[in-house]
Amino acid sequence: MKQKLTFEEAAARLEEIVGKMESGETSLEESLKLFEEGSALSSLCYRKLTEAEQKVRTITEMDHKEGKADEQD
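Okay, so let's go over this structure. Fair warning: this is a prediction, and the values are worked out from it, not measured in the lab.

### Overview of the pattern of salt bridges
One pass over the structure, following the stated rule, counts four salt bridges. One salt bridge connects Arg 13 with Glu 16, and the closest N-O pair in it is separated by 3.0 Å. In this pair, Arg 13 and Glu 16 both sit in helix H1 (residues 7-23), three residues apart, roughly one turn of the helix. As a salt-bridge pair, Arg 13 and Glu 37 come within 2.9 Å of each other at their nearest N and O atoms. Residue Arg 13 is located in helix H1, and its partner Glu 37 is located in helix H2 (residues 28-72); the two are separated by 24 residues in the primary sequence. In this structure Arg 13 comes out as partly exposed when scored by relative accessible area, which is 22%.

### A closer look at the environment of Leu 5
In this fold, Leu 5 is placed in the segment before H1. Between the C-alpha atom of Leu 5 and that of Leu 41, which follows or precedes it by 36 residues, the distance is 9.2 Å. In this structure Leu 5 touches Ala 10, Leu 41, Leu 44 and Lys 48, once residues within four positions along its chain are discounted.

Conventions adopted
Residues numbered from 1 in each chain as written. Predicted model: local features only at pLDDT ≥ 70, side-chain atom pairs only at ≥ 80, totals over all residues. Heavy atoms only, no water. Salt bridge = Lys/Arg side-chain N within 4 Å of Asp/Glu carboxyl O. Helix = DSSP H or I, 4+ residues; strand = E, 2+ residues; numbered from the N terminus. Buried < 20%, exposed > 50% of the residue type's maximum accessible area, 1.4 Å probe, protein only. Contact = heavy atoms within 4.5 Å.

In structure tokens, the structure reads:
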């Protein structure tokens, strides 16, 4: 798997994997490999979403604090 996937790239690949597995046309061995890749992609997407959520929280908290400081001036 490519190391520096964006969230969108990882999500698109995950969709491809789900489609292949749902088709029922993959062997057990291929399904296991796809499942392993999909699991890693799912973890990557979760991490990226968590990081984005934390950034939004930080920005929101900073804006909120700056707004209170402006009110006190």
